[in-house]
Amino acid sequence: MITCVGAGLSYTISNLEKGREYFFNIFAQNRHTNLSFLYGSKYLRYNPKLRPIGLKDNKPKTVNIRQLGGRVLFRYKVGVKMAHTYNSTLSWHVMPCGSAVTVELRLRRVVVVPRQVVEGHRYLQVPHPQPGNRYTLLVYVANPRDLRQILGVEVLATMRTSPLPQLPPEVTVHEYESLRTCDSVTVGWVPTRSQFVRYCVSASRVSFTESQGHFWPQPNQCNLDNRLRSQLDFTVKQCQDFTANDNTNVLVQTITKLRPGKEYLIQVTVKKIKGKALSYDLLRVRTKSKCKG
């Protein structure tokens, strides 16, 4: 197989066969003279055996899945004390950093949670796990091209009450376009199922260069709290505490003090008290160019 990668400094080769020997040669080409020369060589026997990464209860673990070739295996053991002291449900939180991943949860090679694609965040539950059970979570990037976009993956497993809020099945943030003005927009979202949380809504100006590029609505959930603390480019940020109420189907917020005819990126985050934040899908909006009166 011969492939030209242009000015790229990495390339992912897929569909390799286990146990096969492979030889790789890298050639560089002088664009001025059109002459090629051998840059380096590599030999390996492909043996894709994954070493599980152990998880401690309620402690998130972030790994660089790109450096691991797009596949990583996490392992969690249900402790005897955990099973008897805390609730009877094992919770998993999976947060890819930058792109989508595919996950599958197993117990002794038996599939517990079938393969599914995760974008942004996924909450998995295992009811009534037995003490001593060792669960393994396979996380991999199905399309090798996506390795260029993904930075890593963050996973948390716990038998306790999770520090992360439980996002609703619908994480889209909607704009009420009829309420749009020259200096404000009104958005709404489905509230989380968690009790006693804080919502924050921020609006950041979208530059001309950003507006011309591809918009990816799924947020990067990894290390979100630190990134929110260091974020200084938002125009407006409004926060409110909220207690879950079965009668409230949608939360509505009007974001004011915006500029006419400008495009903004809206981000809604939710955080438990003394917990960690998660983000709803991102939304782009544009204010009216002219004000009434």
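Anything mentioned here points back to the structure above.
What you are looking at is a predicted structure, and each value in this text was computed from that prediction instead of being measured. (Residues numbered from 1 in each chain as written. Predicted model: local features only at pLDDT ≥ 70, side-chain atom pairs only at ≥ 80, totals over all residues. Heavy atoms only, no water.)

K.L.:
I'm lost on the overall build of the chain in this one. Help?
P.N.:
Summing up its helical and strand segments, the chain has three helices and 19 strands in all. Out of the 293 residues belonging to the chain, those deemed buried represent 39%. A sequence separation of at least 24 residues applies to 74% of the contacts in the chain between residues at least 6 apart. As displayed, the chain offers around 18,300 Å² of accessible surface, 49% of which is attributable to carbon and sulfur atoms. (Helix = DSSP H or I, 4+ residues; strand = E, 2+ residues; numbered from the N terminus. Buried < 20%, exposed > 50% of the residue type's maximum accessible area, 1.4 Å probe, protein only. Contact = heavy atoms within 4.5 Å. Areas by Shrake-Rupley, 256 points an atom, 1.4 Å probe, with all protein chains shown as cover.)

K.L.:
What exactly am I supposed to notice about the side chain of Gln 267 here?
P.N.:
Take Gln 267: it is sitting in strand β17 (residues 263–272). A polar contact of 3.0 Å, which involves the side chain of Gln 267, links it to the side chain of Ser 279. Excluding anything up to four places from it in sequence, Gln 267 contacts Cys 200, Val 201, Ser 202, Pro 219, Leu 224, Leu 228, Gln 231, Ser 279 and Leu 282. (Polar contact = N/O pair within 3.5 Å; in protein donor to acceptor, adjacent residues only side chain to side chain.)

K.L.:
Could you clarify how one ought to interpret the state of the cysteines in this entry?
P.N.:
Simply put, disulfide is the name for a covalent bond between the sulfur atoms of two cysteines. One pass over the structure, following the stated rule, counts three disulfides. Between Cys 97 and Cys 222 runs a disulfide, and the two sulfur atoms are separated by 1.9 Å. Looking down the S-S bond of the Cys 97 and Cys 222 bridge, the torsion is -85°, so its handedness is left-handed. Of the two residues, Cys 97 sits in strand β6 (residues 89–97) while Cys 222 sits in the loop between α2 (208–212) and α3 (224–230), which places them 125 residues apart along the sequence. (Disulfide = S-S within 2.5 Å.)

K.L.:
Before we go on, may I ask you to explain the side chain of Glu 175 in this structure?
P.N.:
Turning to its location among the elements, Glu 175 is positioned in strand β12 (residues 174–175). Aside from chain neighbours lying at most four places away, what touches Glu 175 is Arg 180, Val 185, Thr 186, Val 187, Leu 283 and Val 285.

K.L.:
Explain a nonpolar patch on the surface to me, please; I cannot follow it from the model alone.
P.N.:
There is a patch of nonpolar side chains on the surface, built from Tyr 176, Leu 179, Val 250 and Val 252 and spanning about 330 Å² of accessible area. Tracing the chain through its elements places Val 252 in strand β16 (residues 251–255). By relative accessible area, which is 47% here, Val 252 ends up partly exposed. (Patch = residues over 30% accessible without salt bridge, like charges linked within 9 Å, V, L, I, M, F, W, Y side chains within 5 Å. Salt bridge = Lys/Arg side-chain N within 4 Å of Asp/Glu carboxyl O.)

K.L.:
Sorry, what's going on with the nonpolar core here?
P.N.:
One broad trend across soluble globular proteins is that nonpolar side chains are buried collectively. Ranked by size, the top nonpolar core spans 28 residues in total, and within it Phe 74, Leu 90, Trp 92, Leu 137, Val 139 and Val 153 carry the most contacts. Only β5 (71–77), β6, β7 (101–107), β8 (110–118), β9 (122–127), β10 (134–140) and β11 (152–158) provide two or more residues apiece to this core. The element that contributes the greatest number of residues to this core is β7, accounting for four residues. Residues in contact with Leu 90, not counting those within four places in the same chain, are Tyr 76, Val 78, Leu 124, Gln 125, Val 126, Pro 129, Tyr 135, Ala 157, Thr 158 and Met 159. Counting residues in each nonpolar core, the second largest holds 26 residues, with Val 173, Val 197, Cys 222 and Leu 283 among its members. (Core = buried A, V, L, I, M, F, W, Y, C linked by side-chain atoms within 4.5 Å.)

K.L.:
It is not clear to me how the sheet that holds β9 should be interpreted in this structure. Could you clarify?
P.N.:
Overall, antiparallel pairing links the four strands, which are arranged β4-β11-β6-β9 in an open sheet. Strands at the two margins of the open sheet, each flanked by one partner only, are β4 (61–63) and β9. Recorded for the sheet is a direction-independent mean angle of 20° between the axes of neighbouring strands. Bridge analysis of β6 against β9 gives six bridges, and the strand direction is antiparallel. Across the sheet, residue Leu 90 finds its bridge partner in β9, namely Val 126. (Pairing = 2+ DSSP bridges. Axes fitted to C-alpha atoms, helices over the stretch in contact; angles between N-to-C directions.)

K.L.:
Looking at this structure, how should I read the sheet that holds β12?
P.N.:
Strand pairing in a sheet relies on backbone hydrogen bonds, with the paired strands running either antiparallel or parallel. Judged by pairing direction, the sheet is antiparallel, and its three strands sit side by side in the order β12-β13-β16 without closing on themselves. Whereas interior strands pair on both sides, the edge strands pair on one side only; in this sheet they are β12 and β16. Bridging between β12 and strand β13 (residues 185–189) involves two bridges; their strand directions are antiparallel. Looking across to β13, one finds that His 174 is bridged to Gly 188.

K.L.:
For this particular structure, what's the right way to read the pairing of strand β1 (residues 21–29)?
P.N.:
On a regular strand, one side chain projects to one face of the sheet and the next to the other, so that they alternate. Here nine bridges tie β1 to strand β2 (residues 36–45), and the two strands are oriented antiparallel to one another. Looking at the pairing, Asn 25 lines up with Ser 41 of β2.

K.L.:
Explain the packing of aromatic side chains here, please?
P.N.:
For any two aromatic rings, the description comes down to two numbers: the centre-to-centre distance and the angle of the planes. Applying the stated criterion to the full structure yields five aromatic pairs. Aromatic side chains Trp 189 and Tyr 199 sit 5.7 Å apart centroid to centroid with 50° between the ring planes, which places their arrangement in the tilted category. In this pair, Trp 189 is assigned in strand β13 and Tyr 199 in strand β14 (residues 197–205), connecting sequence segments ten residues apart. In this pair, the class of Trp 189 matches that of Tyr 199, namely buried. Each ring, one from Tyr 199 and one from Phe 242, has its centre 5.8 Å from the other, and the planes form 65°; the classification is edge-to-face. A residue pair is termed long-range when its members are at least 10 positions apart, and Tyr 199 in strand β14 and Phe 242 in strand β15 (residues 234–242) qualify at 43 residues. Both residues of the pair, Tyr 199 and Phe 242, count as buried. Sitting above the plane of the Tyr 140 ring, Arg 71 keeps its charged end 5.6 Å from the centroid. (Phe/Tyr/Trp six-rings, centres within 6.5 Å; stacked < 30°, edge-to-face > 60°. Lys NZ or Arg CZ within 6 Å of the ring centre and 35° of its normal.)

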